[in-house]
Amino acid sequence: MSANVSVDFITHTFKGQSAPTLKDIALNIHPGEQVALIGRSGCGKSTLLHMLAGLTVPTEGCVHIRGHTVTRPSAKWNMMFQKPSLYPWMTVRRNAELGLLFAGCRDTARIDALLELVGLADKADANVQSLSGGQQQRVALARSLATSPELLLLDEPFSALDAFTRATLQDEVSRIARQEGLTLVIVTHDIDEAVAMADRVLIMAANPGRIAGEMAIELPAPRERASAEYSRAREALMTTFDGLVGDGRGGAAAQRTDAAGAPQREAA
Ligand SMILES: Nc1ncnc2c1ncn2[C@@H]1O[C@H](COP(=O)(O)OP(=O)(O)O)[C@@H](O)[C@H]1O
Ligand SMILES: [Mg+2]
């Protein structure tokens, strides 16, 4: 089951601050859609994601998931963080089934199926401390999936991993979300990650945090990173990002557009 998400005019000002961190954010995410939220560090991506997860309540506006107003966390909308946050003294299986245990049930067959799904069937009884970073993230993924969420929220979940492991997990999480019919929102500051995983990329600008624009990524899954279409999509996203929020190399959007006045600069 997948959820549709609607964000209805969220503005948020943290206690003790004079300016809002997020301003007038309105968006809709379709059931089963995979959306990436990109933007510079500090623009408010995590804050917005926490609101989808019910971890932070906005000062104005609200989030609806399948028509329900989000006021607190739920096992139906699950969050995955950069750190897997596993219990080091427990086995893979015990960690994976924690969400279910909190919900008051034990379903060994489901955990077996999930460990198979995330490629850890042979590690079920291993201690999580003996696993690599990528494998630990797989355990966290299995734990997130155990409660049959409708929406999976990912906050830079692969940024601590090496490039190869990261690419594999991007493909696998995307595939699993499609297979299980989950709606997926991934926060990232990595344009490649957005192109690798998203059907649609939302671009956030800072001060105040807002959605500056969006771009659809119409590439078939699994995404072929070496293909010409992939390179084109990546380039188009870079250009769009650059045009909306600047390129991070000192060129703000307006300045870059002026550089259509590049001849101007040459002349100077
Ligand atoms: N609990 C908080 N109290 C006050 N300010 C916060 C809090 N959480 C985040 N912020 C501020 O809000 C802004 C956005 O933060 P964040 O959402 O973490 O950005 P991002 O995830 O895009 O890097 C930052 O300036 C950050 O310092
Ligand atoms: Mg963040």
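Residues numbered from 1 in each chain as written. Chains lettered and ligands numbered in written order. Predicted model: local features only at pLDDT ≥ 70, side-chain atom pairs only at ≥ 80, totals over all residues.

1. Side note on the overall build of the chain
Phase 1: Secondary structure assignment for the chain yields 10 helices and 10 strands.
Phase 2: A compact globule built from 268 residues would reach a C-alpha radius of gyration of about 18 Å, and the chain, at 20 Å, matches this within 12%.
Phase 3: Dimensions along the principal axes, computed over C-alpha positions, put the chain at roughly 70 × 45 × 30 Å.
Phase 4: Burial statistics for the chain: of 268 residues in total, 38% are counted as buried.
Phase 5: A sequence separation of at least 24 residues applies to 69% of the contacts in the chain between residues at least 6 apart. (Helix = DSSP H or I, 4+ residues; strand = E, 2+ residues; numbered from the N terminus. Rg over C-alpha atoms; globule rule 2.2 N^0.38 Å. Buried ≥ 20, exposed ≤ 12 C-beta atoms within 10 Å, placed from the backbone. Contact = placed C-beta atoms within 7 Å.)

2. A closer look at the environment of Lys23
Phase 1: Checked against the element boundaries, Lys23 lands in strand S2 (residues 22-29).
Phase 2: For the pair Lys23 and Gly44, spaced 21 residues apart in sequence, the C-alpha to C-alpha distance is 9.9 Å.

3. Examining the nonpolar core
Phase 1: Membership of the largest hydrophobic core comes to 69 residues, with the highest contact counts inside it found for Ala36, Leu37, Leu52, Ala142, Leu153, Val185 and Val201.
Phase 2: Once residues lying within four places of it in the same chain are set aside, the contact partners of Val185 are Ile29, Val35, Leu37, Leu49, Leu52 and Leu153. (Core = buried A, V, L, I, M, F, W, Y, C linked by C-beta atoms within 7 Å.)

4. Observations concerning the site of ligand 1
Phase 1: Phe14, Thr21, Gly39, Ser41, Gly42, Cys43, Gly44, Lys45, Ser46 and Thr47 make up every residue found near ligand 1.
Phase 2: Of the residues that constitute the shell around ligand 1, the class distribution is two nonpolar, seven polar and one charged. (Near = placed C-beta within 6 Å. Nonpolar A, V, L, I, M, F, W, Y, C, P; charged D, E, K, R; others polar.)

5. Here we look at the sheet that holds strand S4 (residues 60-65)
Phase 1: Reading across from one edge, S2-S1-S4-S5 is the order of the four strands in this open sheet, with antiparallel pairing throughout. Of all strands in the sheet, those with a lone pairing partner are S2 and strand S5 (68-69), marking the two edges. (Pairing = 2+ DSSP bridges.)

6. Let's talk about the sheet that holds strand S6 (residues 77-80)
Phase 1: Read from one edge to the other, the open sheet built from six strands follows the order S6-S7-S8-S3-S9-S10, with strand pairing classed as mixed. Whereas interior strands pair on both sides, the edge strands pair on one side only; in this sheet they are S6 and strand S10 (210-216). Each adjacent strand pair in this sheet contributes to an overall mean axis angle of 20°, direction not counted.
Phase 2: Where strand S7 (residues 151-155) and strand S8 (residues 183-188) come together, five bridges link them in parallel fashion. Each bridged residue has a counterpart across the sheet, and for Leu153 the counterpart in S8 is Val185.
Phase 3: Running over the sheet, helix H1 (residues 45-52) touches strand S3 (34-38), S6, S7, S8 and strand S9 (200-205) and is turned about 155° from S8. (Axes fitted to C-alpha atoms, helices over the stretch in contact; angles between N-to-C directions.)

7. Observations concerning the environment of Phe102
Phase 1: Within the element layout of this structure, Phe102 appears in helix H3 (residues 98-102).
Phase 2: Separated by 37 residues in sequence, Phe102 and Ile65 have C-alpha atoms that sit 22 Å apart.

8. Let's talk about the confidence of the model for the chain
Phase 1: Of the residues in the chain, 92% reach a pLDDT of 70 or more, and the chain-wide mean stands at 89.
Phase 2: Taken as a whole, residues 250-268 scores under 50 in pLDDT and shows 12 contacts with residues more than four places along the chain or in a different chain. (pLDDT = per-residue confidence, 0-100.)

9. Focus on the pairing of S10
Phase 1: With six bridges joining them, S9 and S10 adopt antiparallel strand pairing. Considered in S10, the bridge of Ala205 is made with Arg210.
Phase 2: In sequence, S9 turns back onto S10 through a hairpin of four residues, with Asn207 there showing a positive phi of about 55°.

10. A few points about helix H8 (residues 228-245)
Phase 1: For H8, built from 18 residues, the straight-helix expectation of 26 Å at 1.5 Å per residue is met to within 8% by its first-to-last C-alpha distance of 26 Å.
Phase 2: One or two positions beyond H8, positive phi appears at Gly246, with a value near 85°. (Expected span 1.5 Å × (residues − 1).)

11. What to know about the environment of Arg143
Phase 1: Mapped onto the secondary structure, Arg143 falls in helix H5 (residues 133-146).
Phase 2: The class for Arg143 is buried, based on 25 C-beta atoms found within 10 Å.
Phase 3: Separated by 95 residues in sequence, Arg143 and Leu48 place their C-alpha atoms 23 Å apart.
Phase 4: Non-local contacts of Arg143, meaning those with residues more than four positions away in its chain, are made with Asn95, Ala96, Leu98 and Gly99.

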